[in-house]
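Structure at a glance
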Protein chains: 4
Amino acid sequence: MSAPVTDPIPTPSCPPPDILRCASAELIVTDLAASRRFYVEVLGLHVTEEDDQVIYLRSFEEFIHHNLVLRQGDEPAVAAISYRVRTPEDVDAAEAYYREMGCRVERRADGFVRGVGDTVRVEDPLGFPYEFFHEVEHAERLHMRYDLISAGELVRIDHFNQVTPDVPRGRTYLEELGFRVTEDIKDEAGTTYAAWMHRKGTVHDTALTGGDGPRLHHIAFATHEKHNILQICDKLGALRLSDQIERGPGRHGVSNAFYLYLRDPDGHRIEVYTQDYYTGDPDNPVITWDVHDNQRRDWWGNPVVPSWYTDASRVLDLDGAVQPLTQRTDSSEMEVTIGADGFSYTREGDEDGTYRGEASKGFKLGNQL
Amino acid sequence: MSAPVTDPIPTPSCPPPDILRCASAELIVTDLAASRRFYVEVLGLHVTEEDDQVIYLRSFEEFIHHNLVLRQGDEPAVAAISYRVRTPEDVDAAEAYYREMGCRVERRADGFVRGVGDTVRVEDPLGFPYEFFHEVEHAERLHMRYDLISAGELVRIDHFNQVTPDVPRGRTYLEELGFRVTEDIKDEAGTTYAAWMHRKGTVHDTALTGGDGPRLHHIAFATHEKHNILQICDKLGALRLSDQIERGPGRHGVSNAFYLYLRDPDGHRIEVYTQDYYTGDPDNPVITWDVHDNQRRDWWGNPVVPSWYTDASRVLDLDGAVQPLTQRTDSSEMEVTIGADGFSYTREGDEDGTYRGEASKGFKLGNQL
Amino acid sequence: MSAPVTDPIPTPSCPPPDILRCASAELIVTDLAASRRFYVEVLGLHVTEEDDQVIYLRSFEEFIHHNLVLRQGDEPAVAAISYRVRTPEDVDAAEAYYREMGCRVERRADGFVRGVGDTVRVEDPLGFPYEFFHEVEHAERLHMRYDLISAGELVRIDHFNQVTPDVPRGRTYLEELGFRVTEDIKDEAGTTYAAWMHRKGTVHDTALTGGDGPRLHHIAFATHEKHNILQICDKLGALRLSDQIERGPGRHGVSNAFYLYLRDPDGHRIEVYTQDYYTGDPDNPVITWDVHDNQRRDWWGNPVVPSWYTDASRVLDLDGAVQPLTQRTDSSEMEVTIGADGFSYTREGDEDGTYRGEASKGFKLGNQL
Amino acid sequence: MSAPVTDPIPTPSCPPPDILRCASAELIVTDLAASRRFYVEVLGLHVTEEDDQVIYLRSFEEFIHHNLVLRQGDEPAVAAISYRVRTPEDVDAAEAYYREMGCRVERRADGFVRGVGDTVRVEDPLGFPYEFFHEVEHAERLHMRYDLISAGELVRIDHFNQVTPDVPRGRTYLEELGFRVTEDIKDEAGTTYAAWMHRKGTVHDTALTGGDGPRLHHIAFATHEKHNILQICDKLGALRLSDQIERGPGRHGVSNAFYLYLRDPDGHRIEVYTQDYYTGDPDNPVITWDVHDNQRRDWWGNPVVPSWYTDASRVLDLDGAVQPLTQRTDSSEMEVTIGADGFSYTREGDEDGTYRGEASKGFKLGNQL
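This report concerns the structure included in the present document. Here the structure is a predicted model, which is why all the values come from computation and not from measurement. (Residues numbered from 1 in each chain as written. Chains lettered and ligands numbered in written order. Predicted model: local features only at pLDDT ≥ 70, side-chain atom pairs only at ≥ 80, totals over all residues. Heavy atoms only, no water.)

**Comments concerning the interface of chain D and chain A**
Each partner contributes to the interface: chain D provides 37 residues, whereas chain A provides 37 residues. Across the salt bridge formed by A:Lys226 and D:Glu225, the nearest N and O atoms sit 3.1 Å from each other. Across the chain D-chain A interface, the total number found is 22 residue pairs in polar contact (both at pLDDT 80 or more). Those elements that provide at least two residues to the side of chain D that touches chain A are β1 (19–29) and β17 (287–290) of chain D. Tallied by class, residues from the side of chain D that touches chain A come to 13 nonpolar, 10 polar and 14 charged. (Contact = heavy atoms within 4.5 Å. Salt bridge = Lys/Arg side-chain N within 4 Å of Asp/Glu carboxyl O. Polar contact = N/O pair within 3.5 Å; in protein donor to acceptor, adjacent residues only side chain to side chain. Helix = DSSP H or I, 4+ residues; strand = E, 2+ residues; numbered from the N terminus. Nonpolar A, V, L, I, M, F, W, Y, C, P; charged D, E, K, R; others polar.)

Next comes the structure, spelled out in structure tokens:
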């Protein structure tokens, strides 16, 4: 693990590309058949195209070629995190922007994957394989194909979540790239533990979570309603795959969305997510959560399992090699909130359990385990 | 704590009363105002009558006077567990039945509480204050008062759950009283950990959970849909009372219902429950779960918090004194399933994690904590 | 059409059978493949057994062999309306009961259909082919097979609805057979238009609707939640079969259930139904609706289409011949509520539209068409 | 009614304002207390401010001062249709844009209503009182106040729908103003009956419906889930106000959203709407519906009541006088689809009812009434 990087990320003089939204990710999986069972048979994503090395999947309401690419490989990893940009010229803008930053950049007029045209991939300043494209084949939008909908249908890709050691450093870089912060988690000393930022008017297109990075924490898909998420759990139970449920379902504090975290056969984490809120106004109020607020990650105060804090997917450089990790030197959210050295509260300032006269116990987990 | 009781419960020669359903419970609470906030303001039960010592509450679809009585007292306890019987004569039958058993019995023609007529209360063979009545005042059934319905509305009382040391002993007694078992939890050695039994054609009107008893584990109310239960959690979060969520929400293995467990200001446990299944046929298939099946208590494999196993409400005798506890001598479900001496599986016989080629880890909790 | 029958139905001296619940129906369909598409591919009922002449279907939570039998025939009709009774002896009781009434009765020790044992079929006093059985093969109860559940899953058979000319005459007969009335529709002159009655503790196992009879108005299946019913509509739209939606979805006044009426390829009517209320107490309050109350059939005041009043399935006698119809002589609910001679109100006594100061128009349909 | 206007609308040389979203509307109501009952007590909108002449309301997730202004007046009308623009300078841009068009324009640095700053109001080329503002007071965003949420909560303002005689003329004007069309309804002869267009990445911020105009057809609010809309109907039934339900609930063909149309005490139409789809990509596929497709307005083929086609709210000019109407000369959607001269189909080309072998009847309404 390399030493922490603290140098600021340069701001290019040229304008950033106009990013529309998070669009797709490319995952390296070690057993394509097992992954197909998980994503197609269990989760019900729709196959746009596939062969024996790669599967292109899209969600129910998507009209672009894919939201997820599964590629057979030797080690689980993330090969690309892709955003769609507004115009073909925005791909040029992206190339120029990252070149001026000094990043390694690769441009392919025919794209890196099926169904996508002119694309630029970069090793971004945080070490992630970011991809920008505009040209894309359209696929049938299935949004009214209620003859095909499953009880736990995934209807849209919603966001990425990236692990990086220095959240403020990454946040500034992404804000300059055009993202706007909607919520974050801090402590009284000013440490930032995580930040959420968007382009498409929802709570996020991507988020930064503090930790050893670069790693991808998860990819999130949206459902229409909350019961769809419960059905995914019920189905995993029926298939005796409940151990692929890592955390939830629950209500997030941050984002206000209803959520569930799953682990795919390679351990890649998938979030299923629904019902956050509109954030498209430029003065959308930013919400800052106290890291010790026990409802920040789960509004119901249910505990976050340690694996959710510690595990994430490694990412590849443009040669396909795994990027080395840089260690987080700031405080760890897990350590400051659970276990011997951490603390959390349900009601700020409520130490003696007398709030409203009801049974008041502060941190729920501490009472349970 | 008294020594374990192992003598069999005598079977009366006279017929048991024809029990319709679980109908209400009387709880002793130590701060009536705090309890009112919880049951009326937070959970939205409807007040039929109240004064400064007692509150009578009913659920949205109920037409009898109450499903829950809250009475101010010095120590949290359960004063009565009440069943409605089919006819006035069934109250006579109940009195005769328990007298023949040698139980202490008290009959009051005017009832023990407001709104209920001729009633018999007994100290039953398991030590519980069972009550049987038929005559009852009708209250407005609110079932179409959608102007009054809340987003997390409790619509029916569903069942009780009682803690008793010797489950088979209690089960036989209740079967003779007319209950029919729908599901139970056992191990390969034949130990019974819990049993569910009904009168009204649902999975249960009451259940027996193995443990030091007599204690009342919980009282359950039903909602119409699953989102109603999620809303109760969301509301507790908004009120910064999330530490009153003890376990869930989740899908039960046993009963197949969607559930949530709350603790009231005195620690009395309330379950919110929806969507079990019809059991009214006499040959309704009984489901026996293996105590080591990690999906038996939560179909999604989410861990059961220890307090759920250890805590329960003490019950009163007919003089209002707390009944002494008898210790369970059979194995403890908590001990055989979690912690150093316990084990559970997600897939029976799946020890090496190769099931279906997916990531397979057996017991989820062990991997998390 | 034969002359109206007004002679009272005799009350047998022997006790009636103890009926558990509505259990299944046998429909004659003219194109078995088309019916299979509707019931299996569109509605998702589960095939227990089938050959080229007959298909046995059950709902998601059912453990008996079937809830619906589709049999190829020349004319659409209803061959049997089946109730399950509590014990084998109750089949004897049913046989004796109907024989004493002077009805034609046929007893078959091996049953009339696959999966069901000793059965009695009768031509009942209202002209319906009622069937009573206890012995039945068990099939896999799918209630936890969330890998098989569809977004619009039918989980239980709920009730029948029968058309008969003289509702009070039929009601008395069914009450003596053990049914209990939960709701009815009358007018100020005492005419009864319909009555709902149950055995299993829901609003009904069968209902009587006034009209030329004997005809079967519909068979109803239950879903878990309301969105499941909406999905059935969405799927029919996607399949361009929306003209099979006859009425709804909506909220019933009577029964308080959320409902939808479909017509199968032969015109047999299927209701999809969810969330009525518990009725198992003997003093369950009976609700009588005024026939002129515009919210009695649809709580939202949406119009009932005329076909819903006029169409129903003919029934067969025990020789397989279509039973002749007897004409209703009482007032027609359709005629007294819609069209030139009918009237309905939204607010009783609100003739001048001044209720609460809001826009008040009395009968909604009259303003729309 | 004035003669039809056919002159093209001029395109200004200056850039249009950057519109964020539909933000609010100002309605003139004739009985403020009655309107308050409808919008606050029945629908549950939240009062930001009020006095005896005006009430400012916002939805559950809104952070700007209001989404709806109710103002006491003599005649029901619409005083303003308001969009929020991205920056203060966009208000200047709006003023210049409409001045160059030759429209009457009024600019007020302190706004026209409470809670909103610098604003421009215009009489737009279609005769509507459009308003553009950026500066606005923030109110508490209630999005996590689950202690305040009702079972039928309105969480966002979603869109307007405007009636105008010449849809293509209006569409061009709005496209130049920056709106993008997502769906429309046409016939084989090229007549456009309606068009939907957006700014915020949903199916619409406003729509144009062909008819005598300018009139406002409706204002739409979003709920989280479909059951919330059903609850609004149930509540109106409980309050015996079901005659305020004009159409639905149902699934739209156009927009794919689940919908309900209500009429307020003055006849202003409110839509409740949920679950359309993301449209923010510039190449979002436009869907054109055939006016004869019976599933275009209701995916389930349920009939559109005539009042929905004929009624709409008159709009005011900047002096507060009612704008005169211009008559539609193109075909009427109502006339070409229902009644003696209209026709619709469920399955295009399916005239003989043989589609798939199922009962096939073409236009459902024709069979019902």
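We are not done yet, so read on.
**Topic: the relation of the copies chain D and chain A**
Least-squares fitting of chain D to chain A yields an RMSD of 0.0 Å, with the transformation described by 0.0 Å of translation along the axis and a rotation of 180°. Here the symmetry operator amounts to a two-fold rotation axis. Of every C-alpha in chain D, the one belonging to D:Glu225 sits nearest the axis of rotation, 3.1 Å from it. A high fraction, 100%, of the interface residues of chain D reappear at the interface in chain A, so the copies pair face to face through one surface. (Least-squares fit on C-alpha atoms with pLDDT ≥ 70 in both.)

**Looking at the pattern of salt bridges**
Applying the stated criterion to the full structure yields 136 salt bridges over all chains. Linking D:Glu175 and D:Arg171 is a salt bridge whose minimum nitrogen-to-oxygen distance equals 3.6 Å. Taken together, the residues D:Glu175 and D:Arg171, both in helix α3 (residues 167–176) and 4 residues apart, mark about one turn of the helix. Across the pair D:Arg171 and D:Asp184 runs a salt bridge whose closest N-O atoms are separated by 2.7 Å. Here the residue D:Arg171 occupies a position in helix α3, and D:Asp184 occupies one in strand β10 (residues 180–186), the gap between them amounting to 13 residues. Residue D:Arg171 is classed as buried on the basis of its relative accessible area, which comes to 16%. Judged by its relative accessible area of 1%, D:Asp184 is buried. A single network of salt bridges, built from pairs that share partners, joins A:Arg21, A:Glu62, A:Arg84, D:Asp281 and D:Asp283. (Buried < 20%, exposed > 50% of the residue type's maximum accessible area, 1.4 Å probe, protein only.)

**Description of unusual backbone geometry**
All names here are of chain A. Looking along the chain, the bond that leaves Gly-213 and enters Pro-214 is cis, with omega of 5°. Its location among the elements puts Pro-214 in the loop between β12 (206–210) and β13 (215–222). Positioned with a positive phi, Gln-275 is a non-glycine residue whose angle comes to about 70°.

**Quick notes on the sheet that holds strand β8 (residues 129–133) of chain C**
Residues and elements named next belong to chain C. Taking strand neighbours across the sheet as the criterion, the 8 strands line up as β2-β3-β4-β1-β5-β8-β7-β6 in an open arrangement whose pairing is mixed. Taken across any chain shown, the strands that pair with only one partner, and hence form the sheet edges, are β2 (46–50) and β6 (105–108). Averaged over all pairs of adjacent strands, the angle between strand axes in this sheet comes to 20°, irrespective of strand direction. As paired elements, strand β5 (residues 77–85) and β8 share 4 bridges and run parallel to each other. Opposite Tyr-83, over in β8, you have Phe-132 as the bridge partner. (Pairing = 2+ DSSP bridges. Axes fitted to C-alpha atoms, helices over the stretch in contact; angles between N-to-C directions.)

**Structural notes on the packing of helix α4 (residues 226–238) of chain A against helix α4 (residues 226–238) of chain B**
Two elements in contact, α4(A) and α4(B), have axes separated by 10 Å at closest approach and are oriented at 100°. The angle between α4(A) and α4(B) places the two elements in the roughly perpendicular class. Residues A:Lys226, A:His227 and A:Leu230 of α4(A) touch α4(B), and the partners they reach there are B:Lys226, B:His227 and B:Leu230. Of the residues belonging to the contact of α4(A) with α4(B), the class tally is 2 nonpolar, 2 polar and 2 charged. (Parallel < 35°, antiparallel > 145°, perpendicular 65-115°, else oblique.)

**Notes on the pairing of strand β4 (residues 68–72) of chain B**
Residue and element names in this part refer to chain B. Inspection of the sheet shows strand β1 (residues 19–29) paired to β4 by 5 bridges, in the parallel sense. From the neighbouring strand, Leu-27 faces β4, where its bridge partner is Leu-70. Here strand β3 (residues 54–58) pairs with β4 via 4 bridges, running antiparallel. Its bridge partner being in β4, Val-54 is matched across the sheet by Arg-71.

**Considering the packing of aromatic side chains**
Residue and element names in this part refer to chain A. This structure, assessed with the given rule, holds 60 aromatic pairs over all chains. On the numbers, 5.4 Å between centres and 65° between planes, the contact of Tyr-261 with Trp-308 is edge-to-face. Of this pair, Tyr-261 sits in strand β15 (residues 258–263) while Trp-308 sits in helix α5 (residues 306–310), and the two are 47 residues apart along the sequence. By relative accessible area, which is 2% here, Tyr-261 ends up buried. In textbook terms, an aromatic cluster arises when at least three aromatic residues are bridged by ring pairs, as seen for Tyr-83, Tyr-97, Tyr-98, Tyr-130, Phe-132, Phe-160, Tyr-173 and Phe-179. (Phe/Tyr/Trp six-rings, centres within 6.5 Å; stacked < 30°, edge-to-face > 60°.)

**A short note on the pairing of β13(A)**
Residues and elements named next belong to chain A. The element β13 is extensively covered by neighbouring structure, given that 8 of its 8 residues are classed as buried. When β13 meets strand β18 (residues 313–314), the two strands line up antiparallel, connected through 2 bridges. Among the inter-strand pairings, Leu-216 is bridged to a residue of β18, identified as Ser-313. Here β13 pairs with strand β16 (residues 269–274) via 4 bridges, running parallel. Within the sheet, the bridge partner assigned to Phe-221 lies in β16 and is Val-272.

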